[in-house]
Amino acid sequence: MPHEPFAKKIYLSSPTMHGEELEYITEAFETNWMSTVGENINEAEHGICNYVGCSHAVGLSAGTAALHMAIKLAGEKIYGPTKVGRGALAGHKVFCTDMTFDATVNPVVYECGEPVFIDTEYDTWNMSPEALEKAFELYPDVKIVVYAHLYGVPAKVDEIAEICERHGAIIVEDAAESLGATYKGCETGTFGLYNAISFNGNKIITGSSGGMFLTEDKEAADKVRKWSTQSRDNAPWYQHSELGYNYRMSNVIAGVVRGQLNHLDEHIAQKKAIYERYRDGLSDLPVKMNPYDSENSVPNYWLSCMIIDADAMCEQTRTDHEASYVAAPGKSCPTQILEAIAALNAEGRPIWKPMHMQPIYSGNAFVTTGEDAGADIFARGLCLPSDNKMTPEVQDIIIDTIHECFD
Ligand SMILES: *Cc1c(COP(=O)(O)O)cnc(C)c1O
């Protein structure tokens, strides 16, 4: 018997506020620092530096803005100063994670570069080191690699770093989904020369929006501070010798981030409990949870995902805009499960549709070592409701409903 829909919608991952956020916002209001300058920004930046263990953090309006600044810096480092109107990467290829949110790769295009998509590996659902190695054989001139840690699961950090080092390429790390996740004891957001995190409303902690640029390089951090506040030169008037952006974080947003930071570990613990409850509750089905390297990494468990065994997939058809399936006994598919979850008044989500399958990037190169793992994980996987305010009772109903899909 199908369950009654929940009276209150269960989200994929919604903001969880604690109260301190409001105190810091109020402080900004009462001291009139309703601006992109103020104590909350300084404290949020310090707080992130302390937590992540990096030397410099620059608060920005979004994770995407942080990635844009990181990409622009990488382009200038390799190819020299940006020519206004041409972008820092004009005509150059950049190797990018393929199965990710498009914000990982769009900044490459903002700077007129050409993303080349690197296929996914099955161990962590991140950039495949084998495919990356092959990409350097095909395009030996490439000098910049952008990779993400999908759903809060650290990628194969050492393998990717070794390959990049051998080919003289620099790394931009997209840790938007993985704040608090570690690899060999080090926090994600510290593995690239330039790194980005996000405080978007559905991330593990949020500012309602916002992001930060992280680096060990003081000069780079100073550049980002300057570029993100319209690139004013040191002069008595508005003097500009470089292109500017209005990307700085608001002191009000920073107040929310500052308040949330104290609860990051608590959110991770809640997300971990959700992941483990799904893992145990679904263990009798022909499915697996999104995998991670338990020897070397600790995820932040931002989103719990599952993948259906290939031989337990019913027929599923996806066009560019629609999905359908043919139900079969003992089998299911992401479309069927997502529909069942939606009927419960809960929110699941397909896996990020790989960039090489997106119409906007259909003309870009895609490097795979054979199997197109991204397309396969997209076809068989899905993100489960992972809100840290979800009760075990509610989660059990979701687990039960997934079982019914396989009846
Ligand atoms: C959320 C996200 C971003 C972008 O962050 P915003 O703060 O929303 O701009 C970038 N990359 C990945 C992988 C993300 O999930």
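In short, a report on the structure.

What counts and what doesn't
Residues numbered from 1 in each chain as written. Predicted model: local features only at pLDDT ≥ 70, side-chain atom pairs only at ≥ 80, totals over all residues. Heavy atoms only, no water. Pairing = 2+ DSSP bridges. Helix = DSSP H or I, 4+ residues; strand = E, 2+ residues; numbered from the N terminus. Axes fitted to C-alpha atoms, helices over the stretch in contact; angles between N-to-C directions. Parallel < 35°, antiparallel > 145°, perpendicular 65-115°, else oblique. Left-handed = near helix turned anticlockwise from the far one by under 90°. Contact = heavy atoms within 4.5 Å. Nonpolar A, V, L, I, M, F, W, Y, C, P; charged D, E, K, R; others polar. Buried < 20%, exposed > 50% of the residue type's maximum accessible area, 1.4 Å probe, protein only. Near = heavy atom within 4 Å. Polar contact = N/O pair within 3.5 Å; in protein donor to acceptor, adjacent residues only side chain to side chain. Areas by Shrake-Rupley, 256 points an atom, 1.4 Å probe, with all protein chains shown as cover. 1 Å grid on protein atoms, 1.4 Å probe; cavity = no way out; pocket = protein on both sides within 12 Å on 5 of 7 lines; lining within 4 Å. Sits in = over half its atoms within 2 Å of the grid points. Arc of directions from axis to C-beta. Points joined across faces, edges and corners; volume = space filled by probe spheres on them. Domains from an automatic or database assignment.

So, about the pairing of strand β14 (residues 323-326). Where strand β13 (residues 315-318) and β14 come together, four bridges link them in antiparallel fashion. Looking across to β14, one finds that E315 is bridged to V326. From the end of β13 to the start of β14, which pair antiparallel, there are four residues.

What follows concerns the sheet that holds strand β15 (residues 349-350). One open sheet holds the four strands; their spatial order is β10-β12-β17-β15, and the pairing between them is antiparallel. Looking along the sheet, the strands with just one partner apiece sit at the ends: β10 (287-289) and β15. In this structure, β10 lies alongside strand β12 (residues 305-308), joined through three bridges in antiparallel fashion. Bridge assignment links M289 to a residue of β12, and that residue is M306.

Attention now moves to the packing of helix α10 (residues 334-343) against helix α12 (residues 392-405). Contact pair α10 / α12: the axes reach a minimum separation of 10 Å and the direction vectors enclose 140°. When the interaxial angle is binned, α10 and α12 end up oblique. Like other packed secondary-structure pairs, α10 and α12 cross with a definite hand, here right-handed. Contacts between α10 and α12 involve Q336, I337, A340 and I341 from the first element and I398, T401, I402 and C405 from the second. Across the contact of α10 with α12, the residue classes break down as six nonpolar, two polar and no charged.

Our focus in this paragraph is the environment of Y325. By the element assignment, Y325 lies in strand β14. What makes Y325 partly exposed here is its relative accessible area of 28%. The spatial distance from the C-alpha of Y325 to the C-alpha of Q336 is 6.9 Å, given a sequence separation of eleven residues.

So, on to the sheet that holds strand β5 (residues 170-174). Two strands in a sheet stick together by hydrogen bonds in their backbones, pointing the same way (parallel) or opposite ways (antiparallel). In spatial order, the strands read β1-β9-β8-β5-β4-β2-β3-β16; together these eight strands make up an open sheet with mixed pairing. A strand with exactly one partner marks an edge of an open sheet, and here the two such strands are β1 (56-60) and β16 (366-367). For strand β4 (residues 144-148) and β5, the ladder comprises five bridges, and the chain directions are parallel. Looking across to β5, one finds that V145 is bridged to I171. Sitting on the sheet, helix α7 (residues 218-227) touches β1, β8 (194-198) and β9 (211-215), and the angle it makes with β1 is about 15°.

Here we come to the site of the ligand. Taken together, the neighbourhood of the ligand is formed by 15 residues, with T64, D174, E177, S198 and K203 sitting nearest. In the environment of the ligand, an oxygen atom lies 2.6 Å from a nitrogen or oxygen atom belonging to the side chain of E177. Burial of the ligand by the protein chains amounts to 93% of its free accessible area of 380 Å². A molecule is said to occupy a pocket when more than half its atoms come within 2 Å of that pocket's grid points, and by this definition the ligand occupies the second largest pocket. Take the shell around the ligand: its biggest share by element is three residues, from helix α3 (residues 63-79). Split by residue class, the shell around the ligand holds five nonpolar, seven polar and three charged.

For helix α1 (residues 20-30), the set of buried residues is E21, Y24 and A28. One side of α1 holds all its buried residues, which, seen down the axis, span an arc of 70°. Opposite its buried face, α1 presents the exposed residues L22, E23, F29 and E30, each directed more than 90 degrees away. On the buried face of α1, the contacting elements are α2 (39-52) and α8 (251-261). Positive phi appears at N32, one or two residues downstream of α1, with a value of about 65°.

All right, on to empty space enclosed by the protein then. All chains considered together, the criterion is met by two cavities of 30 Å³ or more. Space inside the largest cavity adds up to approximately 50 Å³. In terms of lining residues, the largest cavity is bounded by S13, S14, P15, T16, K203, I204, I205, T206, Q260, H267, K271 and N388. Across the lining of the largest cavity, the residue classes break down as three nonpolar, seven polar and two charged. Each of domain 1 (20-261) and domain 2 (264-405) accounts for three or more of the residues forming the lining of the largest cavity. There is about 30 Å³ of room inside the second largest cavity. Looking at the second largest cavity, the residues that line it are V153, Y275, N290, Y292, P299, Y301 and L303. By residue class, the composition of the lining of the second largest cavity is six nonpolar, one polar and no charged.

Moving on, we get to the side chain of E76. Among the secondary structure elements, E76 is positioned in helix α3. A relative accessible area of 16% means that E76 is categorised as buried. Excluding residues that lie within four positions of it along the chain, E76 makes contacts with P81, T82, A88, K223, W227 and E242.

Nothing here speaks to function; it is geometry throughout.
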